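# Breakdown of the fold
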Amino acid sequence: MTNLDTRGPLASGHDAVRMRRVWVLIGGLAIAVAGSYAATLVATEGEPLLVVPLVGALVGLAIFTRPELGLYFLFAAAILLEQFEISGLSPLTARTNFFQNISGFSNVPLRFSACDVVAVMTLASWLMRRVVGANAPARVGPLRWGIAAYLLAFAFGTVIGAARGGSWDSIAALAEARGPIYACLLCFLTANLVRERSQLVALLWMFVLLVGVKAFQAIGNYVEVQTRGPYWIEAVTAHEDVIFFDVAVALALVMVALGLRGRLMYVLLALQPVILAAEVLTTRRVAFVALAAALLVVALMSAIDRPRMTLVVVAGATLVFALYAGALWDHHGPAALPVSIVRGVVDPNSLSWRDRGSNDWREIENSNIGYTVRQLPLTGVGLGQEYLFQREPPALTNFVYWRMMTHNAVLWLWLKAGPYGAFALWFLVAKVVLSGLSLYRRLDDPLLRAAASFPVLVTVAQIVFSSVDLGLTYNRTMIVFGVALGFVAPLAAWVRSAQPEPSRLSSKMAASEPQRGDGSPRGFPTPLGGQVPSGST
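Described in the following lines is the structure provided in the data block. No experiment lies behind these values; they were computed from the predicted model shown.

## Quick look at the overall build of the protein chain
Scanning the protein chain from N- to C-terminus turns up 20 helices and 0 strands. When the 537 residues of the protein chain are sorted by exposure, 47% land in the buried category. The long-range share in the protein chain, meaning contacts at least 24 apart out of those at least 6 apart in sequence, stands at 74%. Working note: accessible area of the protein chain is about 25600 Å², and carbon and sulfur atoms make up 66% of it.

Given below as C-alpha coordinates:
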(Lines give C-alpha, C1' and ligand atoms only; values in the text may rest on other atoms or scores of the structure.)
Protein backbone atom coordinates (compact mmCIF):
# COMPACT_ATOMS: atom_id res chain seq x y z
CA MET A 1 0.00 0.00 0.00
CA THR A 2 1.57 3.26 -1.10
CA ASN A 3 1.09 6.83 0.00
CA LEU A 4 -1.28 7.33 -2.91
CA ASP A 5 -3.45 4.56 -1.61
CA THR A 6 -3.85 6.14 1.80
CA ARG A 7 -3.77 9.85 1.09
CA GLY A 8 -5.74 10.20 -2.12
CA PRO A 9 -4.66 11.30 -5.60
CA LEU A 10 -1.95 13.83 -6.19
CA ALA A 11 -3.10 17.38 -6.63
CA SER A 12 -2.71 19.16 -9.91
CA GLY A 13 -0.16 21.95 -10.27
CA HIS A 14 -2.78 24.61 -9.55
CA ASP A 15 -4.03 22.73 -6.52
CA ALA A 16 -0.48 22.29 -5.26
CA VAL A 17 0.12 26.05 -5.40
CA ARG A 18 -3.14 26.67 -3.58
CA MET A 19 -2.25 24.14 -0.92
CA ARG A 20 1.12 25.78 -0.38
CA ARG A 21 -0.63 29.11 0.13
CA VAL A 22 -2.98 27.52 2.64
CA TRP A 23 -0.07 26.03 4.58
CA VAL A 24 1.77 29.37 4.55
CA LEU A 25 -1.37 31.00 5.95
CA ILE A 26 -1.74 28.32 8.62
CA GLY A 27 1.93 28.65 9.52
CA GLY A 28 1.63 32.42 9.79
CA LEU A 29 -1.42 32.13 12.04
CA ALA A 30 0.36 29.59 14.22
CA ILE A 31 3.36 31.89 14.62
CA ALA A 32 1.07 34.82 15.43
CA VAL A 33 -0.84 32.82 18.03
CA ALA A 34 2.38 31.51 19.54
CA GLY A 35 3.76 35.04 19.76
CA SER A 36 0.61 36.28 21.45
CA TYR A 37 0.75 33.49 23.98
CA ALA A 38 4.42 34.10 24.63
CA ALA A 39 3.66 37.76 25.36
CA THR A 40 0.76 36.74 27.62
CA LEU A 41 2.94 34.30 29.54
CA VAL A 42 5.52 37.01 30.13
CA ALA A 43 2.83 39.44 31.28
CA THR A 44 1.24 36.91 33.67
CA GLU A 45 4.57 35.56 34.95
CA GLY A 46 4.08 32.18 33.34
CA GLU A 47 0.56 31.02 34.30
CA PRO A 48 0.76 27.39 33.11
CA LEU A 49 -2.94 26.94 32.25
CA LEU A 50 -2.62 29.61 29.58
CA VAL A 51 -0.39 27.26 27.61
CA VAL A 52 -3.01 24.50 27.47
CA PRO A 53 -5.20 26.02 24.72
CA LEU A 54 -2.16 26.75 22.55
CA VAL A 55 -0.72 23.27 22.93
CA GLY A 56 -4.17 21.76 22.41
CA ALA A 57 -4.74 23.77 19.24
CA LEU A 58 -1.38 22.82 17.74
CA VAL A 59 -1.77 19.14 18.64
CA GLY A 60 -5.34 19.14 17.31
CA LEU A 61 -4.24 20.76 14.03
CA ALA A 62 -1.47 18.18 13.61
CA ILE A 63 -3.81 15.26 14.34
CA PHE A 64 -6.55 16.41 12.00
CA THR A 65 -3.92 16.92 9.30
CA ARG A 66 -2.31 13.51 9.86
CA PRO A 67 -4.23 11.21 12.24
CA GLU A 68 -1.28 8.84 12.59
CA LEU A 69 0.43 11.58 14.60
CA GLY A 70 -2.24 11.09 17.26
CA LEU A 71 -1.35 7.40 17.39
CA TYR A 72 2.35 8.20 17.79
CA PHE A 73 1.56 10.80 20.47
CA LEU A 74 -0.54 8.40 22.54
CA PHE A 75 2.00 5.58 22.23
CA ALA A 76 4.90 7.83 23.24
CA ALA A 77 2.98 9.37 26.15
CA ALA A 78 1.98 5.93 27.45
CA ILE A 79 5.62 4.85 27.67
CA LEU A 80 7.12 8.15 28.82
CA LEU A 81 4.59 9.68 31.24
CA GLU A 82 3.48 8.21 34.56
CA GLN A 83 -0.21 7.77 35.27
CA PHE A 84 0.23 7.80 39.05
CA GLU A 85 2.75 9.37 41.39
CA ILE A 86 5.86 7.44 42.41
CA SER A 87 5.97 7.34 46.19
CA GLY A 88 8.95 9.33 47.46
CA LEU A 89 9.83 10.76 44.03
CA SER A 90 8.53 13.57 41.86
CA PRO A 91 10.00 13.32 38.34
CA LEU A 92 8.82 15.73 35.66
CA THR A 93 7.13 12.90 33.75
CA ALA A 94 4.85 12.24 36.74
CA ARG A 95 3.66 15.87 36.96
CA THR A 96 2.08 16.26 33.53
CA ASN A 97 -1.48 15.14 34.55
CA PHE A 98 -1.84 13.73 31.03
CA PHE A 99 -3.87 10.72 32.20
CA GLN A 100 -5.72 12.50 35.01
CA ASN A 101 -9.21 13.94 34.65
CA ILE A 102 -9.15 17.71 34.21
CA SER A 103 -11.44 18.05 37.23
CA GLY A 104 -8.82 16.28 39.32
CA PHE A 105 -6.19 19.02 39.09
CA SER A 106 -8.16 22.17 38.21
CA ASN A 107 -11.45 23.91 38.92
CA VAL A 108 -12.79 22.97 35.50
CA PRO A 109 -15.54 20.33 36.08
CA LEU A 110 -14.60 18.08 33.15
CA ARG A 111 -14.32 14.37 33.89
CA PHE A 112 -12.02 13.49 31.02
CA SER A 113 -8.29 13.73 30.53
CA ALA A 114 -5.93 15.16 27.93
CA CYS A 115 -5.29 11.56 26.89
CA ASP A 116 -9.02 11.10 26.26
CA VAL A 117 -9.07 14.22 24.10
CA VAL A 118 -6.15 13.09 21.95
CA ALA A 119 -7.68 9.64 21.49
CA VAL A 120 -11.07 11.05 20.46
CA MET A 121 -9.47 13.56 18.09
CA THR A 122 -7.44 10.80 16.45
CA LEU A 123 -10.52 8.63 15.95
CA ALA A 124 -12.54 11.62 14.67
CA SER A 125 -9.79 12.55 12.22
CA TRP A 126 -9.71 9.01 10.84
CA LEU A 127 -13.51 8.88 10.60
CA MET A 128 -13.76 12.18 8.73
CA ARG A 129 -11.11 11.12 6.26
CA ARG A 130 -12.87 7.80 5.83
CA VAL A 131 -16.19 9.55 5.08
CA VAL A 132 -14.63 11.49 2.21
CA GLY A 133 -12.81 8.42 0.93
CA ALA A 134 -9.30 9.55 1.87
CA ASN A 135 -8.69 6.44 3.95
CA ALA A 136 -8.78 2.78 3.04
CA PRO A 137 -11.77 0.77 4.36
CA ALA A 138 -11.75 -0.04 8.06
CA ARG A 139 -10.08 -3.24 9.22
CA VAL A 140 -9.29 -4.98 12.50
CA GLY A 141 -7.57 -8.06 11.14
CA PRO A 142 -7.37 -11.56 12.62
CA LEU A 143 -8.08 -10.26 16.15
CA ARG A 144 -11.50 -8.78 15.30
CA TRP A 145 -13.54 -11.40 17.15
CA GLY A 146 -11.22 -11.38 20.15
CA ILE A 147 -11.37 -7.57 20.42
CA ALA A 148 -15.16 -7.60 19.98
CA ALA A 149 -15.59 -10.26 22.66
CA TYR A 150 -13.32 -8.37 25.07
CA LEU A 151 -15.13 -5.07 24.57
CA LEU A 152 -18.50 -6.78 24.91
CA ALA A 153 -17.44 -8.16 28.31
CA PHE A 154 -17.20 -4.63 29.69
CA ALA A 155 -20.49 -3.60 28.10
CA PHE A 156 -22.07 -6.65 29.75
CA GLY A 157 -20.38 -5.82 33.07
CA THR A 158 -21.69 -2.24 32.92
CA VAL A 159 -25.25 -3.48 32.36
CA ILE A 160 -24.92 -5.92 35.26
CA GLY A 161 -23.56 -3.25 37.57
CA ALA A 162 -26.26 -0.74 36.70
CA ALA A 163 -29.02 -3.39 36.94
CA ARG A 164 -27.95 -4.37 40.47
CA GLY A 165 -28.55 -0.75 41.53
CA GLY A 166 -27.88 -0.05 45.17
CA SER A 167 -24.49 1.60 45.54
CA TRP A 168 -23.71 1.54 41.82
CA ASP A 169 -21.15 4.24 41.00
CA SER A 170 -21.12 5.36 37.37
CA ILE A 171 -17.86 7.26 37.87
CA ALA A 172 -16.18 4.13 39.20
CA ALA A 173 -17.60 2.13 36.28
CA LEU A 174 -15.99 4.59 33.88
CA ALA A 175 -12.68 4.31 35.74
CA GLU A 176 -12.82 0.52 35.45
CA ALA A 177 -13.73 0.48 31.77
CA ARG A 178 -11.41 3.27 30.57
CA GLY A 179 -8.25 1.17 30.30
CA PRO A 180 -9.87 -1.73 28.36
CA ILE A 181 -11.60 0.77 26.06
CA TYR A 182 -8.19 2.30 25.33
CA ALA A 183 -6.84 -1.15 24.46
CA CYS A 184 -9.62 -1.81 21.94
CA LEU A 185 -9.55 1.72 20.50
CA LEU A 186 -5.77 1.77 20.04
CA CYS A 187 -5.86 -1.66 18.42
CA PHE A 188 -8.39 -0.33 15.91
CA LEU A 189 -6.47 2.90 15.27
CA THR A 190 -3.16 1.07 14.81
CA ALA A 191 -4.72 -1.46 12.46
CA ASN A 192 -6.12 1.31 10.27
CA LEU A 193 -3.45 4.01 10.48
CA VAL A 194 -0.39 1.78 10.04
CA ARG A 195 -0.44 1.04 6.32
CA GLU A 196 3.26 1.26 5.51
CA ARG A 197 6.41 -0.39 6.74
CA SER A 198 7.93 2.94 7.74
CA GLN A 199 5.08 3.55 10.19
CA LEU A 200 5.58 0.18 11.84
CA VAL A 201 9.30 0.80 12.11
CA ALA A 202 8.62 4.24 13.60
CA LEU A 203 6.55 2.67 16.38
CA LEU A 204 9.31 0.15 17.11
CA TRP A 205 11.88 2.94 17.23
CA MET A 206 9.69 4.92 19.61
CA PHE A 207 9.31 1.92 21.88
CA VAL A 208 13.05 1.20 22.00
CA LEU A 209 14.17 4.79 22.53
CA LEU A 210 11.51 5.74 25.10
CA VAL A 211 12.00 2.56 27.11
CA GLY A 212 15.68 3.48 27.13
CA VAL A 213 14.76 6.94 28.44
CA LYS A 214 12.68 5.39 31.23
CA ALA A 215 15.57 3.07 32.11
CA PHE A 216 17.99 5.99 32.37
CA GLN A 217 15.39 7.84 34.44
CA ALA A 218 15.07 4.86 36.80
CA ILE A 219 18.84 4.84 37.38
CA GLY A 220 18.77 8.61 37.90
CA ASN A 221 15.97 8.24 40.44
CA TYR A 222 17.97 5.61 42.30
CA VAL A 223 21.04 7.84 42.41
CA GLU A 224 18.91 10.74 43.65
CA VAL A 225 17.46 8.61 46.43
CA GLN A 226 20.90 7.40 47.51
CA THR A 227 22.38 10.91 47.59
CA ARG A 228 19.47 13.06 48.74
CA GLY A 229 16.89 10.71 50.24
CA PRO A 230 14.40 9.49 51.19
CA TYR A 231 16.76 6.63 51.88
CA TRP A 232 14.16 3.92 51.34
CA ILE A 233 11.41 3.93 48.75
CA GLU A 234 9.25 1.17 47.33
CA ALA A 235 10.46 1.52 43.74
CA VAL A 236 12.34 3.93 41.49
CA THR A 237 9.83 3.61 38.63
CA ALA A 238 6.09 3.24 38.29
CA HIS A 239 4.97 -0.34 38.84
CA GLU A 240 3.91 -0.87 35.24
CA ASP A 241 7.23 0.25 33.70
CA VAL A 242 8.64 -3.23 34.26
CA ILE A 243 6.35 -4.55 31.51
CA PHE A 244 8.11 -2.31 29.01
CA PHE A 245 11.54 -3.32 30.33
CA ASP A 246 10.68 -7.02 30.02
CA VAL A 247 9.42 -6.66 26.47
CA ALA A 248 12.51 -4.67 25.45
CA VAL A 249 14.83 -7.40 26.78
CA ALA A 250 12.84 -10.19 25.11
CA LEU A 251 12.60 -8.25 21.84
CA ALA A 252 16.38 -7.87 21.75
CA LEU A 253 16.79 -11.63 22.11
CA VAL A 254 14.28 -12.22 19.30
CA MET A 255 16.30 -9.94 17.03
CA VAL A 256 19.50 -11.77 17.93
CA ALA A 257 17.85 -15.12 17.21
CA LEU A 258 16.70 -13.82 13.83
CA GLY A 259 20.16 -12.55 12.94
CA LEU A 260 18.73 -9.09 12.39
CA ARG A 261 21.12 -6.33 11.39
CA GLY A 262 20.55 -2.60 11.45
CA ARG A 263 20.50 0.48 13.63
CA LEU A 264 17.36 -0.50 15.53
CA MET A 265 18.90 -3.73 16.75
CA TYR A 266 22.23 -2.13 17.59
CA VAL A 267 20.56 0.62 19.62
CA LEU A 268 18.37 -1.90 21.45
CA LEU A 269 21.38 -4.09 22.26
CA ALA A 270 23.34 -1.05 23.49
CA LEU A 271 20.47 -0.19 25.85
CA GLN A 272 20.27 -3.67 27.39
CA PRO A 273 22.66 -3.00 30.32
CA VAL A 274 20.73 0.14 31.21
CA ILE A 275 17.35 -1.60 30.95
CA LEU A 276 18.48 -4.58 33.00
CA ALA A 277 19.95 -2.27 35.64
CA ALA A 278 16.65 -0.40 35.84
CA GLU A 279 14.80 -3.72 36.10
CA VAL A 280 16.95 -4.71 39.09
CA LEU A 281 16.82 -1.33 40.83
CA THR A 282 13.05 -1.03 40.67
CA THR A 283 12.80 -4.16 42.92
CA ARG A 284 9.54 -5.53 41.53
CA ARG A 285 9.33 -9.30 41.96
CA VAL A 286 6.70 -9.66 39.24
CA ALA A 287 9.13 -8.08 36.78
CA PHE A 288 11.35 -11.15 36.80
CA VAL A 289 8.43 -13.57 36.70
CA ALA A 290 7.04 -11.78 33.64
CA LEU A 291 10.52 -11.69 32.09
CA ALA A 292 10.87 -15.45 32.57
CA ALA A 293 7.53 -15.99 30.82
CA ALA A 294 8.58 -13.72 27.94
CA LEU A 295 11.88 -15.60 27.61
CA LEU A 296 9.97 -18.87 27.30
CA VAL A 297 8.09 -17.33 24.37
CA VAL A 298 11.40 -16.27 22.82
CA ALA A 299 12.71 -19.84 23.16
CA LEU A 300 9.55 -21.18 21.51
CA MET A 301 9.90 -18.81 18.56
CA SER A 302 13.59 -19.51 18.22
CA ALA A 303 12.87 -23.25 18.18
CA ILE A 304 10.75 -22.75 15.04
CA ASP A 305 13.93 -22.01 13.04
CA ARG A 306 16.76 -23.56 15.06
CA PRO A 307 15.49 -26.25 17.46
CA ARG A 308 18.90 -27.75 18.26
CA MET A 309 20.62 -24.43 18.78
CA THR A 310 17.71 -23.26 20.96
CA LEU A 311 17.99 -26.38 23.11
CA VAL A 312 21.71 -25.78 23.61
CA VAL A 313 21.20 -22.11 24.53
CA VAL A 314 18.35 -22.88 26.94
CA ALA A 315 20.42 -25.61 28.62
CA GLY A 316 23.37 -23.23 28.94
CA ALA A 317 21.20 -20.42 30.31
CA THR A 318 19.67 -22.81 32.85
CA LEU A 319 23.12 -23.87 34.01
CA VAL A 320 24.26 -20.24 34.35
CA PHE A 321 21.16 -19.36 36.37
CA ALA A 322 21.71 -22.38 38.61
CA LEU A 323 25.29 -21.26 39.33
CA TYR A 324 24.08 -17.68 39.91
CA ALA A 325 21.34 -18.88 42.27
CA GLY A 326 23.76 -21.05 44.21
CA ALA A 327 26.23 -18.17 44.63
CA LEU A 328 23.62 -15.64 45.83
CA TRP A 329 21.11 -17.93 47.55
CA ASP A 330 21.62 -16.39 51.00
CA HIS A 331 22.20 -12.85 49.81
CA HIS A 332 19.77 -9.92 49.81
CA GLY A 333 19.54 -6.74 47.79
CA PRO A 334 18.65 -5.85 44.20
CA ALA A 335 21.28 -8.11 42.59
CA ALA A 336 19.84 -11.17 44.37
CA LEU A 337 16.19 -10.32 43.67
CA PRO A 338 15.65 -13.03 41.00
CA VAL A 339 17.05 -15.59 43.45
CA SER A 340 14.85 -14.30 46.27
CA ILE A 341 11.77 -15.03 44.17
CA VAL A 342 12.73 -18.71 43.94
CA ARG A 343 13.83 -18.76 47.59
CA GLY A 344 10.50 -17.23 48.63
CA VAL A 345 8.62 -20.10 46.99
CA VAL A 346 10.80 -22.68 48.73
CA ASP A 347 10.92 -20.87 52.08
CA PRO A 348 8.25 -18.16 52.56
CA ASN A 349 9.85 -17.13 55.87
CA SER A 350 12.88 -15.86 53.94
CA LEU A 351 10.85 -13.00 52.46
CA SER A 352 11.20 -9.46 53.77
CA TRP A 353 8.47 -7.99 55.96
CA ARG A 354 7.34 -5.87 53.01
CA ASP A 355 7.00 -8.90 50.71
CA ARG A 356 5.27 -10.97 53.40
CA GLY A 357 2.80 -8.16 54.00
CA SER A 358 2.13 -7.86 50.29
CA ASN A 359 1.58 -11.61 50.01
CA ASP A 360 -0.76 -11.65 53.03
CA TRP A 361 -2.85 -8.80 51.60
CA ARG A 362 -3.19 -10.57 48.27
CA GLU A 363 -4.13 -13.83 49.96
CA ILE A 364 -7.03 -12.04 51.68
CA GLU A 365 -7.96 -10.42 48.38
CA ASN A 366 -7.94 -13.76 46.56
CA SER A 367 -10.12 -15.32 49.25
CA ASN A 368 -12.61 -12.45 48.82
CA ILE A 369 -12.53 -12.94 45.06
CA GLY A 370 -13.35 -16.61 45.53
CA TYR A 371 -16.16 -15.72 47.93
CA THR A 372 -17.66 -13.26 45.43
CA VAL A 373 -17.48 -15.79 42.59
CA ARG A 374 -19.29 -18.35 44.73
CA GLN A 375 -22.03 -15.86 45.59
CA LEU A 376 -22.49 -14.54 42.03
CA PRO A 377 -21.13 -17.31 39.79
CA LEU A 378 -22.89 -16.34 36.53
CA THR A 379 -22.87 -12.54 36.42
CA GLY A 380 -20.29 -11.19 38.83
CA VAL A 381 -20.92 -7.90 40.61
CA GLY A 382 -20.66 -5.73 37.48
CA LEU A 383 -18.69 -2.56 36.83
CA GLY A 384 -19.17 0.23 39.32
CA GLN A 385 -20.02 -2.18 42.15
CA GLU A 386 -17.89 -3.29 45.08
CA TYR A 387 -17.03 -6.95 45.18
CA LEU A 388 -17.98 -8.95 48.28
CA PHE A 389 -15.72 -9.15 51.34
CA GLN A 390 -15.69 -12.17 53.61
CA ARG A 391 -12.44 -11.04 55.25
CA GLU A 392 -11.61 -7.38 55.71
CA PRO A 393 -8.03 -6.55 54.62
CA PRO A 394 -6.17 -3.42 55.75
CA ALA A 395 -7.48 -0.39 53.86
CA LEU A 396 -5.47 0.97 50.92
CA THR A 397 -5.64 4.70 51.53
CA ASN A 398 -3.71 5.60 48.37
CA PHE A 399 -6.11 3.76 46.02
CA VAL A 400 -9.67 5.07 45.77
CA TYR A 401 -11.25 2.07 44.04
CA TRP A 402 -9.58 -0.75 45.97
CA ARG A 403 -12.99 -2.24 46.84
CA MET A 404 -13.89 -2.46 43.14
CA MET A 405 -10.64 -3.31 41.35
CA THR A 406 -8.46 -6.21 42.45
CA HIS A 407 -4.71 -6.63 42.14
CA ASN A 408 -5.41 -9.94 40.45
CA ALA A 409 -6.71 -8.27 37.31
CA VAL A 410 -7.05 -11.60 35.51
CA LEU A 411 -9.70 -12.75 38.00
CA TRP A 412 -11.12 -9.22 38.11
CA LEU A 413 -12.71 -9.87 34.70
CA TRP A 414 -14.67 -12.77 36.23
CA LEU A 415 -15.73 -10.56 39.15
CA LYS A 416 -17.10 -7.92 36.82
CA ALA A 417 -18.65 -9.95 33.98
CA GLY A 418 -18.88 -13.52 35.23
CA PRO A 419 -17.52 -16.52 33.29
CA TYR A 420 -18.02 -14.64 30.03
CA GLY A 421 -15.53 -11.97 31.15
CA ALA A 422 -12.90 -14.63 31.86
CA PHE A 423 -13.62 -16.34 28.54
CA ALA A 424 -13.33 -13.06 26.61
CA LEU A 425 -9.92 -12.31 28.12
CA TRP A 426 -8.43 -15.73 27.43
CA PHE A 427 -10.01 -15.90 23.99
CA LEU A 428 -8.27 -12.63 23.10
CA VAL A 429 -4.97 -13.84 24.58
CA ALA A 430 -5.17 -17.09 22.60
CA LYS A 431 -5.95 -15.20 19.38
CA VAL A 432 -2.97 -12.87 19.88
CA VAL A 433 -0.51 -15.67 20.65
CA LEU A 434 -1.67 -17.91 17.79
CA SER A 435 -1.83 -15.06 15.26
CA GLY A 436 1.53 -13.65 16.30
CA LEU A 437 3.31 -17.00 16.15
CA SER A 438 1.71 -17.75 12.79
CA LEU A 439 2.90 -14.44 11.36
CA TYR A 440 6.35 -14.97 12.86
CA ARG A 441 6.58 -18.28 11.01
CA ARG A 442 5.16 -17.05 7.68
CA LEU A 443 6.92 -13.70 7.28
CA ASP A 444 10.21 -13.56 5.41
CA ASP A 445 11.73 -10.24 6.46
CA PRO A 446 13.54 -10.52 9.84
CA LEU A 447 12.43 -7.08 11.01
CA LEU A 448 8.79 -7.88 10.32
CA ARG A 449 9.20 -11.21 12.10
CA ALA A 450 10.49 -9.29 15.12
CA ALA A 451 7.48 -6.97 14.80
CA ALA A 452 5.21 -10.04 14.77
CA SER A 453 6.74 -11.15 18.08
CA PHE A 454 5.99 -7.76 19.67
CA PRO A 455 2.24 -8.33 20.35
CA VAL A 456 2.96 -11.81 21.69
CA LEU A 457 5.64 -10.57 24.07
CA VAL A 458 3.54 -7.64 25.26
CA THR A 459 0.53 -9.90 25.84
CA VAL A 460 2.46 -12.51 27.83
CA ALA A 461 4.23 -9.91 29.98
CA GLN A 462 0.96 -8.05 30.48
CA ILE A 463 -1.00 -11.12 31.61
CA VAL A 464 1.70 -12.27 34.04
CA PHE A 465 1.99 -8.76 35.50
CA SER A 466 -1.80 -8.43 35.72
CA SER A 467 -2.12 -11.62 37.74
CA VAL A 468 -0.67 -9.75 40.75
CA ASP A 469 -1.21 -6.08 39.86
CA LEU A 470 -3.79 -3.77 38.30
CA GLY A 471 -2.33 -4.13 34.83
CA LEU A 472 -5.60 -4.41 32.90
CA THR A 473 -6.89 -1.10 34.25
CA TYR A 474 -3.81 1.11 33.79
CA ASN A 475 -4.25 3.50 30.87
CA ARG A 476 -0.53 3.36 30.05
CA THR A 477 -0.26 -0.38 29.72
CA MET A 478 -3.57 -0.69 27.89
CA ILE A 479 -2.52 1.88 25.28
CA VAL A 480 0.74 0.02 24.61
CA PHE A 481 -1.16 -3.28 24.66
CA GLY A 482 -3.67 -1.95 22.11
CA VAL A 483 -0.95 -0.62 19.80
CA ALA A 484 0.87 -3.97 20.00
CA LEU A 485 -2.32 -5.85 19.10
CA GLY A 486 -2.82 -3.45 16.19
CA PHE A 487 0.44 -4.70 14.66
CA VAL A 488 -1.30 -7.95 13.71
CA ALA A 489 -3.63 -6.40 11.09
CA PRO A 490 -1.01 -4.79 8.80
CA LEU A 491 1.35 -7.75 9.16
CA ALA A 492 -1.44 -10.16 8.22
CA ALA A 493 -2.40 -7.96 5.25
CA TRP A 494 1.19 -7.92 4.02
CA VAL A 495 1.41 -11.71 4.32
CA ARG A 496 -1.77 -12.09 2.25
CA SER A 497 -0.56 -9.62 -0.36
CA ALA A 498 2.67 -11.62 -0.74
CA GLN A 499 0.88 -14.86 -1.64
CA PRO A 500 0.94 -15.50 -5.42
CA GLU A 501 -2.29 -16.36 -7.20
CA PRO A 502 -1.85 -19.77 -8.91
CA SER A 503 -4.17 -18.81 -11.78
CA ARG A 504 -1.82 -15.98 -12.77
CA LEU A 505 1.43 -17.88 -12.53
CA SER A 506 1.90 -20.47 -15.19
CA SER A 507 4.19 -23.34 -14.49
CA LYS A 508 6.49 -22.04 -17.23
CA MET A 509 6.84 -18.63 -15.56
CA ALA A 510 7.37 -20.18 -12.15
CA ALA A 511 10.10 -22.42 -13.54
CA SER A 512 11.87 -19.59 -15.33
CA GLU A 513 11.96 -17.14 -12.37
CA PRO A 514 15.01 -17.15 -10.09
CA GLN A 515 14.05 -18.34 -6.63
CA ARG A 516 14.42 -16.69 -3.25
CA GLY A 517 15.42 -18.61 -0.16
CA ASP A 518 11.78 -19.33 0.72
CA GLY A 519 11.03 -20.85 -2.68
CA SER A 520 8.95 -17.96 -4.06
CA PRO A 521 9.97 -16.06 -7.21
CA ARG A 522 12.60 -13.45 -6.46
CA GLY A 523 10.70 -10.81 -8.40
CA PHE A 524 7.52 -11.34 -6.41
CA PRO A 525 6.57 -8.51 -4.01
CA THR A 526 7.60 -8.97 -0.39
CA PRO A 527 5.07 -8.57 2.46
CA LEU A 528 5.97 -4.89 2.42
CA GLY A 529 4.54 -4.21 -0.99
CA GLY A 530 8.03 -3.78 -2.42
CA GLN A 531 11.42 -5.43 -2.53
CA VAL A 532 13.13 -4.39 0.67
CA PRO A 533 16.47 -5.79 1.77
CA SER A 534 16.07 -8.37 4.50
CA GLY A 535 16.47 -6.85 7.94
CA SER A 536 16.58 -3.26 6.70
CA THR A 537 15.51 -0.68 9.22
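There's plenty left to go through after this.
## A look at the side chain of Asn408
Structurally, Asn408 is set in the loop between helix H15 (353-375) and helix H16 (409-442). The contact partners of Asn408, leaving out residues within four places of it in the chain, are Glu365, Asn366, Ile369, Ser466 and Ser467.

## What about the pattern of salt bridges?
Here the structure, examined in full by the defined rule, presents 10 salt bridges. Taking the shortest distance from any N to any O, the salt bridge between Glu240 and Arg476 comes out at 3.2 Å. A residue pair is termed long-range when its members are at least 10 positions apart, and Glu240 in the loop between helix H9 (197-228) and helix H10 (241-258) and Arg476 in helix H18 (residues 475-486) qualify at 236 residues. Under the relative-accessibility criterion, Arg476 is labelled buried at 0%. Here Arg476 and Asp241 are joined by a salt bridge, their closest N and O atoms 2.6 Å apart. With Arg476 in helix H18 and Asp241 in helix H10, this pair connects stretches of sequence that are 235 residues apart. Because the salt bridges share partners, they merge into one network encompassing Glu240, Asp241 and Arg476.

## Describing the environment of Ile102
Among the secondary structure elements, Ile102 is positioned in helix H5 (residues 102-105). Through-space distance from the C-alpha of Ile102 to that of Ala114 is 7.5 Å; in sequence the pair is 12 residues apart. Non-local contacts of Ile102, meaning those with residues more than four positions away in its chain, are made with Val108, Leu110, Phe112 and Ser113.

## Observations concerning the nonpolar core
Taken as a class, soluble globular proteins show a tendency for nonpolar side chains to be buried jointly. Counting 134 residues, the largest nonpolar core has Leu203, Phe207, Phe454, Leu457, Phe487 and Leu491 as its most contacted members. Of the residues forming this core, the biggest block, 14 residues, is contributed by helix H17 (residues 446-466). Not counting residues within four places of it along the chain, the set of residues in contact with Phe487 comprises Thr190, Leu200, Leu203, Leu204, Ala451, Phe454 and Pro455.

## Points about the layout of surface pockets
Approximately 1300 Å³ is the volume found for the second largest pocket. Taken together, 34 residues line the second largest pocket, and the ones lying closest to its centre are Leu253, Leu291, Ala292, Leu295 and Ala317. Each residue belonging to the lining of the second largest pocket can be placed in one class, and the counts come to 27 nonpolar, 5 polar and 2 charged.

## Some words on the environment of Arg66
Within the secondary structure, Arg66 sits in the loop between helix H3 (51-65) and helix H4 (68-80). You can call Arg66 partly exposed: its relative accessible area is 39%. Separated by 127 residues in sequence, Arg66 and Leu193 place their C-alpha atoms 9.6 Å apart. Within the structure, Arg66 has its side chain in polar contact with the side chain of Glu68 (distance 2.9 Å).

Rules used throughout
- Residues numbered from 1 in each chain as written.
- Predicted model: local features only at pLDDT ≥ 70, side-chain atom pairs only at ≥ 80, totals over all residues.
- Heavy atoms only, no water.
- Helix = DSSP H or I, 4+ residues; strand = E, 2+ residues; numbered from the N terminus.
- Buried < 20%, exposed > 50% of the residue type's maximum accessible area, 1.4 Å probe, protein only.
- Contact = heavy atoms within 4.5 Å.
- Areas by Shrake-Rupley, 256 points an atom, 1.4 Å probe, with all protein chains shown as cover.
- Salt bridge = Lys/Arg side-chain N within 4 Å of Asp/Glu carboxyl O.
- Core = buried A, V, L, I, M, F, W, Y, C linked by side-chain atoms within 4.5 Å.
- 1 Å grid on protein atoms, 1.4 Å probe; cavity = no way out; pocket = protein on both sides within 12 Å on 5 of 7 lines; lining within 4 Å.
- Points joined across faces, edges and corners; volume = space filled by probe spheres on them.
- Nonpolar A, V, L, I, M, F, W, Y, C, P; charged D, E, K, R; others polar.
- Polar contact = N/O pair within 3.5 Å; in protein donor to acceptor, adjacent residues only side chain to side chain.

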